[in-house]
Amino acid sequence: MNKQITHAETFTSLHEKGNPVILYNIWDAGSATAVRDAGAKALATGSAPVAMAQGFSDGQKIPLDMALDNAGRIVDAVDIPVTMDFEGAYAEKPLGILANVQRALETGVVGFNFEDQIVGTKDLYDIETQSARVAAMREGCDAAGIPAFINARTDIFLKAHPDTHDEVMLEDAMARAQAYADAGASGFFAPGLRDERLIARLCDSTELPVNIIALPGTPDTPKLAELGVARISYGPVPYREMLAWLQDKARSAFQS
């Protein structure tokens, strides 16, 4: 069987409610091999670290060709599944998404984070529009013959202070999870959500495995597992901590 297909199937199988796969996000081939050697079962890029490591800001500012080349070098460096943070797939319309996801799959990646934020704005696509975009991504994966894991992300909670997260936001998120599942999503990503009660309700409300990001204030891994989370990622946290360490060491060297 094609190795990419095998890796895609393996990656999907790692998502178990109550036994979350840990994705300690990486940004290049070097960080990928380091995290693999630490015991990772799979790897995930983070869009912000990938962009910042190449001198760009987040938000699809890194050119698509460069982002895809980077993804390909990561896949070539490790022999475990790699999923890519594809932001908004560098396209607004379904046909553009379909074409770009097929290009991305040529790098060997087996999954995508795909967000409902309108890149470059503070707004979200409405449910109907984003569902069509998710369906286009699934169509592109199917046409390529790769059962890729589409991690449909909503920015509802990330755009609001945690103290304001409430039932209204949760109801919106649950409606989006159902719509994205119907459109072909494999998982549902709710970055910024950290309230235990809301996380548990979200996990109970959808058949999709739920991804929570381990930002400050988020419940720890055992608690997230207890709540039904199936995937825990770290986003830009590893890159920022690495930069802080590097700056501290450099400062010490300059002052010695």
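Residues numbered from 1 in each chain as written. Predicted model: local features only at pLDDT ≥ 70, side-chain atom pairs only at ≥ 80, totals over all residues. Heavy atoms only, no water.

## Here's the deal with the sheet that holds strand 2 (residues 43-44)
Phase 1 of the analysis: Read across the open sheet, the 8 strands follow the order 1-8-7-6-5-4-3-2; overall the sheet is parallel. Lying at the two open borders of the sheet, with one neighbouring strand each, are strand 1 (21-23) and strand 2.
Phase 2 of the analysis: With 3 bridges connecting them, strand 5 (residues 149-153) and strand 6 (residues 187-189) associate as parallel partners. Bridge pairing in strand 6 links Arg-153 to Phe-189.
Phase 3 of the analysis: With respect to the sheet, helix 6 (residues 127-144) is in contact with strand 4 (111-115) and strand 5, its orientation differing from that of strand 4 by roughly 165°. (Pairing = 2+ DSSP bridges. Helix = DSSP H or I, 4+ residues; strand = E, 2+ residues; numbered from the N terminus. Contact = heavy atoms within 4.5 Å. Axes fitted to C-alpha atoms, helices over the stretch in contact; angles between N-to-C directions.)

## Observations concerning the pairing of strand 4
Phase 1 of the analysis: Where burial is concerned, most of strand 4 is hidden: 5 out of the 5 residues are buried.
Phase 2 of the analysis: The alternating pattern of strand 4 places Gly-111, Asn-113 and Glu-115 and Phe-112 and Phe-114 on opposite faces, both of which are buried.
Phase 3 of the analysis: With 3 bridges joining them, strand 3 (residues 82-85) and strand 4 adopt parallel strand pairing. Bridge pairing in strand 4 places Asp-85 opposite Asn-113.
Phase 4 of the analysis: With respect to chirality, the unit in which strand 3 leads through helix 5 (residues 94-105) into the neighbouring parallel strand 4 is right-handed.
Phase 5 of the analysis: With helix 6 bridging strand 4 and its parallel neighbour strand 5, the resulting β-α-β unit is right-handed. (Buried < 20%, exposed > 50% of the residue type's maximum accessible area, 1.4 Å probe, protein only. Right-handed = clockwise from strand over helix to strand, strands pointing away.)

## Some details on the packing of aromatic side chains
Phase 1 of the analysis: Scanning the model with the defined rule gives 6 aromatic pairs in all.
Phase 2 of the analysis: Ring geometry for Trp-27 versus Tyr-239: centroids 5.1 Å apart, planes at 80°, classification edge-to-face. Residue Trp-27 is found in the loop between strand 1 and helix 2 (29-37), and its partner Tyr-239 is found in helix 10 (residues 237-255); the two are separated by 212 residues along the sequence. Exposure class is identical for Trp-27 and Tyr-239. Each is buried.
Phase 3 of the analysis: Pairing Phe-86 with Phe-112 gives two aromatic rings, centres 5.4 Å apart and planes at 35°, and the pair type is tilted. Taken together, the residues Phe-86 in the loop between strand 3 and helix 5 and Phe-112 in strand 4 connect sequence positions 26 residues apart. Considered together, Phe-86 and Phe-112 belong to a single accessibility category, that of buried residues.
Phase 4 of the analysis: An aromatic cluster is built from Phe-86, Tyr-90 and Phe-112, whose rings are joined through pairwise contacts. (Phe/Tyr/Trp six-rings, centres within 6.5 Å; stacked < 30°, edge-to-face > 60°.)

## Regarding the packing of helix 4 (residues 64-77) against helix 5
Phase 1 of the analysis: Running from amino to carboxyl end, helix 4 crosses helix 5 at an angle of 35°, the nearest separation of the two axes being 9 Å. Of the residues in helix 5, those in contact with Leu-64, Asp-65 and Leu-68 of helix 4 are Asn-100, Arg-103 and Ala-104.
Phase 2 of the analysis: A per-class count over the contact of helix 4 with helix 5 returns 3 nonpolar, 1 polar and 2 charged. (Nonpolar A, V, L, I, M, F, W, Y, C, P; charged D, E, K, R; others polar.)

Geometric values such as these leave the question of function open.
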